[in-house]
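Report on the structure
Chain by chain, the residues:
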Amino acid sequence: MAERELKRRQTPKRDDEEIDEAPAPAVSETGEKIKAELDDLLDEIDDVLETNAEDFVKSYIQKGGE
Amino acid sequence: MVGAVAIPKICGIETEYGIVLRGVSESNPIAASSMLINAYVLELESQPVDPTTKVGWDFEDESPGNDARGDVPVGSLAPEVETHLVNAVLTNGARYYVDHAHPELSTPECADARTVVAYDRAAEVILERSMRAARRILPDDQEIVVYKNNSDGKGNSYGCHENYLMDRAVPFGRVVAHATPHFITRQLYTGAGKVGTEAPGLSAEDVPYQLTQRADFFEEEVGLETTLKRPIINTRDEPHADAQKYRRLHVIVGDANMAEAATFLKVGTTALVLAMIEDDFLPREFILAKPVLAMREVSYDLTISKPLELAAGGTVTALDIQWELFNRAKKYADEYGLSCVGELVGQNLLDRWEHVLATLESDPMGLAGQLDWVAKYRLLEAYRDRNDLGWGDTRLRAMDLQYHDLRRERSLSGRLGLERLIGDDEVERAVEEPPDDTRAYFRGKCLQRWSEDIVAANWDSLVFDVGTDPLRRVPMMEPTRGTKAHVGDLLEECATSAELLERLGS
C-alpha cells in the first residue's frame, strides 16, 4: 500500500459561525465584485421571486418518498 | 495498453421530484403526482405520431428487499415493497411513475455519463410538459408545481438515486471500502447547496449554508434502507439483469442537480471509481474514522479544507481524497483505457474533474457556471448583500427552493448562465428516442412501434400480447444487448410484433 503522509492544507477547525456572517473564507471574490456581476440578474429576479416568501417556505412540505 | 477487465458501467438516474398543488388549502401529493403523470400520458396519446403507452409495469422480477451483503444482519428489515399508483413506460426507455408521494422518473439505461445528462435534462422537459398538461385540466386557480431538489427544509428528504452495473464477482467489502470515501468527498462538486441544516441538534446558526441537500439525512455506513436510517452505501441487491453475473450498485447519497456539469461529474467520476474498484486499481484505502459524521463535515465546510479523521490515525481532506482518486483514474486511463465508461466521454470527464478540483482549491467561486452549490451560494450572497439580509432570512430559503423550480419562467437556476453540455436538439431527441447503445433501445423502439401489443414492461423484459397465443415474455437480462447495433436491422425488418417474436424465437 502506497501510504504517504498527508500534511498539506491542514487549516484549523472552523468555529461555529454567527448566523449573519458570510460563512465562506474560501471565497476569493469580494462581495462587491459578485454584486456587480449579479446586479442585472437581481433586478430581473425581483420580478420572479415568490411574493410571499414566508407562506411559500412554510407551505412547502414533502412527506413520504424513496 | 491492455484492455480493462471492468464491465461497461451502464448507468442511470432516478429522481423523485418535490410537488405542490397550489390554490388548495390541503395539497394531496399522491393525487397531485398521479394527476401530473396521467395528464402527460393522456396528452401524448392524443398525438398519433407519438404513441407513448399505457403499458403497465411488470413487478414480477422486482425484489427490493434483497441485500447485497448476502447475510442480512438480524434487525435489518427489508423495506416495504414499493407501491406505484401510476406507471408509464416512455418511448425513450424511461419509466415515469408515482413513488409514494412524489412523481419519479427513472432514465433509461445509459452507456456513459454524458448520455445520463441528456436523459436527466429530458426528464426535466417531461416534468415541465406534465405541469403544463395538468394546468389544462385543473381549474384556473390551481396549479401543480414541481421542484427538482431533495428536501423540504423541514426534515423531509426525497432522493435522486444513481444506478451502476457492476460485476457480481467483485467482493462487496471492496466496494464499501472504496466507494464510501468517494461518496463523502464527491460532495465537493455534487452538492446542490442548501440554506440551513435539518440535522437533529443543529440550527441555521450552526450551519447557515451547506454544500449539499442530502448530507443531513445519513445515519448509517451500510444498509438496506432508503427512507429511515439512510446508509452511505445502500445494499439493495436487485440487479434487474442476470443476477449471476451482475449487481446494480444503488447509490442514494447524491443530490439532484440543476447544473449539467455537476450531474456529469457525479455520474462520470462514480462510474470510473467503480471501474477501478472492479479492476482492483485503488491500492490506497481511505478508511475514515467516522464516515457518517464526515458526510456532514464535508457538506458544512465552505472552506473546503477541513481535515477528516482517518481510522488508522492522521487526517486527510476531502480534496486530498479526490486528488488521489483522480490521479489513479488518470493512470487507469493510461494503462487500461476508458472503454468501460466511453473513451471520449472518459477523457472529457478526466479533464473536467481535474479542472474542478484545481479550481476548488484556488477559486471555488470560479465554478459558479458548473456547480450548483457555488451558483446558488453566489446568488444568495449577492441578494443578501443588496438587501442587507442575515442568513436566517426567510427570503433566502424561498430562493433556495425556487432555484429548483422546474417552471422555466420561475426557475432561478435557469437564469444563472449554468454551462450546458447538451444542446436543446439533443435534449428534445432524448424526450422521445431511447439511447442507441443499451437494451433501452429495444424497449423504446418496441414501444414506439407496437405499444398496443405490449401489455407489460419492466427493466429486464417486455410482455407481448399478439392475439391468440399466450402472453409472450421477451427477457432482456443483458443490459448491453438489445442495442441498435444488435437489433436495429431486425426491428426494421419486422412489420408486426408477431413477426418480431417469431424472429426472436421466443
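Residues numbered from 1 in each chain as written. Chains lettered and ligands numbered in written order. Predicted model: local features only at pLDDT ≥ 70, side-chain atom pairs only at ≥ 80, totals over all residues. Heavy atoms only, no water.

A closer look at the overall build of chain A
Quick note on the threshold: Secondary structure follows DSSP: runs of H or I at least 4 residues long count as helices, runs of E at least 2 residues long count as strands, and numbering of each begins at the N terminus. Partly exposed describes any residue whose relative accessible area lies between the buried limit of under 20% and the exposed limit of over 50%, with all areas from a 1.4 Å probe on protein chains only and scaled to the type maximum. Accessible surface area values rest on a Shrake-Rupley calculation with a 1.4 Å probe, where residue burial reflects the displayed protein chains alone.
A tally of helices and strands in chain A yields 2 helices and 0 strands. Here chain A holds 66 residues, and the buried ones make up 32% of them. In the structure as shown, chain A presents an accessible area of about 4500 Å², 47% of it carried by carbon and sulfur atoms.

A short note on the overall build of chain B
Put simply, the test is: Radius of gyration here uses only the C-alpha atoms, and the compact-globule reference equals 2.2 Å multiplied by the residue count raised to the power 0.38. Contact between two residues is taken to exist if any of their heavy atoms lie within 4.5 Å; hydrogens are not considered. In this tally, Asp and Glu contribute negative charge and Lys and Arg positive charge; neither His nor the terminal groups of the chain are included. Just so you know, the charge point we use is NZ for Lys, CZ for Arg, CG for Asp and CD for Glu.
Of the regular secondary structure elements, chain B holds 14 helices and 18 strands. In terms of overall size, chain B behaves like a compact globule, its C-alpha atoms giving a radius of gyration of 22 Å where 506 residues would be expected to give roughly 23 Å. Counting only C-alpha atoms and orienting by the principal axes, one finds that chain B spans roughly 70 × 60 × 45 Å. Sorting the 506 residues of chain B into buried and exposed places 65% on the buried side. Look at the contacts in chain B between residues 6 or more apart in sequence, and 71% of them connect residues 24 or more apart. Total accessible area computed for chain B in this model is approximately 17600 Å², and 49% of it derives from carbon and sulfur atoms. Charged side chains of chain B number 54 positive and 84 negative; the gap between the two group centres comes to 2 Å.

Examining the confidence of the model for chain B
Residues and elements named next belong to chain B. Under the convention used in this document: pLDDT is a per-residue confidence score from the predictor, ranging from 0 to 100.
Per-residue confidence for chain B gives a mean pLDDT of 92; residues scoring 70 or more make up 92%. Below a pLDDT of 50 lies the segment residues 48-54, which in the model reaches 17 contacts outside its immediate sequence neighbourhood of four places, other chains included. Counting interchain partners and residues more than four positions distant, the pLDDT-below-50 stretch residues 72-84 has 23 contacts. The ipTM for the predicted assembly is 0.88, set against a pTM of 0.90.

Regarding helix H11 (residues 424-432) of chain B
All names here are of chain B. This is how the line gets drawn: By construction, the arc corresponds to the directions joining the helix axis to the C-beta atoms.
For H11, the set of buried residues is Val427, Ala430 and Val431. Projected down its long axis, H11 shows its buried positions confined to an angular sector of 110°, all on one face. Where H11 is buried, its residues contact helix H1 (29-45) and helix H2 (113-137).

A closer look at empty space enclosed by the protein
Residue and element names in this part refer to chain B. Stated precisely, the cut-off is as follows: Grid spacing is 1 Å over the protein atoms alone, the probe is 1.4 Å, and a cavity is where that probe fits but cannot get out, while a pocket is an open set with protein on both sides within 12 Å along at least five of seven lines and lining residues have an atom within 4 Å of a point. Grid points are joined across faces, edges and corners, and a volume is the space filled by probe spheres set on the points. Residue polarity follows a fixed list, in which Ala, Val, Leu, Ile, Met, Phe, Trp, Tyr, Cys and Pro are nonpolar, Asp, Glu, Lys and Arg are charged, and the others, Gly among them, are polar.
Evaluated as defined, the whole model comprises 8 cavities of 30 Å³ or more. Approximately 70 Å³ is the volume found for the second largest cavity. Surrounding the second largest cavity, His178, Pro181, Leu282, Arg284, Glu285, Phe286, Ile321, Glu324 and Leu325 form its lining. Of all elements in the fold, only helix H3 (172-185) and helix H7 (318-336) reach the threshold of two or more residues within the lining of the second largest cavity. For the lining of the second largest cavity, the element with the highest residue contribution is H7, accounting for 3 residues. Tallied by class, residues from the lining of the second largest cavity come to 5 nonpolar, 1 polar and 3 charged.

Notes on the nonpolar core
Looking at soluble globular proteins, one finds that nonpolar side chains tend to be buried together. Residues and elements named next belong to chain B. What counts here: Take the buried Ala, Val, Leu, Ile, Met, Phe, Trp, Tyr and Cys residues and link them wherever side-chain atoms come within 4.5 Å; each set so joined is a nonpolar core.
Judged by nonpolar contacts, the single largest core of 139 residues is most densely connected at Tyr332, Trp353, Leu360 and Trp373. Considering every element that reaches this core, the biggest residue donor is H2, with 13 residues. In contact with Trp353, not counting residues within four places along its chain, are Tyr189, Leu265, Thr269, Leu272, Val273, Gln322, Leu325, Phe326 and Ala329. In terms of nonpolar packing, the next biggest core, distinct from the first, is built from 18 residues, Val89, Leu447, Phe464 and Leu501 among them.

So, the pairing of strand E5 (residues 95-99) of chain B
Residues and elements named next belong to chain B. The condition that has to hold: The pairing criterion is simple: DSSP has to find at least two bridges between the two strands.
Within E5, 5 of the 5 residues are buried, which leaves the element mostly enclosed by the surrounding structure. By the alternation rule, side chains of E5 split into Arg95, Tyr97 and Asp99 and Tyr96 and Val98, which are all buried. Alignment of E5 against strand E6 (residues 102-106), held across 5 bridges, turns out to be antiparallel. Bridge pairing in E6 links Arg95 to Ser106. Hairpin connection from E5 to E6: 2 residues lie between these consecutive antiparallel strands, with His100 at a positive phi of about 55°.

Regarding the environment of B:Pro307
Residue and element names in this part refer to chain B. Considering the arrangement of structural elements, one finds Pro307 in the loop between helix H6 (291-300) and strand E14 (308-309). Given a relative accessible area of 22%, Pro307 falls into the partly exposed group. Separated by 12 residues in sequence, Pro307 and Leu319 place their C-alpha atoms 9.6 Å apart.

Overview of the side chain of B:Arg247
Relative to the assigned elements, B:Arg247 resides in strand E13 (residues 246-251). The residues touching B:Arg247, leaving out its near neighbours within four places in the chain, are B:Ala68, B:Tyr164, B:Leu165, B:Met166, B:Asp167, B:Arg168, B:Val170, B:Phe172, B:Asp237 and B:Pro239.

Here's the deal with helix H8 (residues 343-362) of chain B
Residue and element names in this part refer to chain B. Condition: Working rule for helices: expected span equals 1.5 Å times residues minus one.
Here H8 spans 29 Å end to end across 20 residues, near enough to the 28 Å set by a 1.5 Å rise per residue. Looking at H8, one finds that the buried residues are Val345, Gly346, Leu349, Leu350, Arg352, Trp353, Val356, Leu357, Thr359 and Leu360. Buried residues along H8 sit in contact with H2, helix H4 (187-190), helix H5 (260-278), H7 and helix H9 (372-387).

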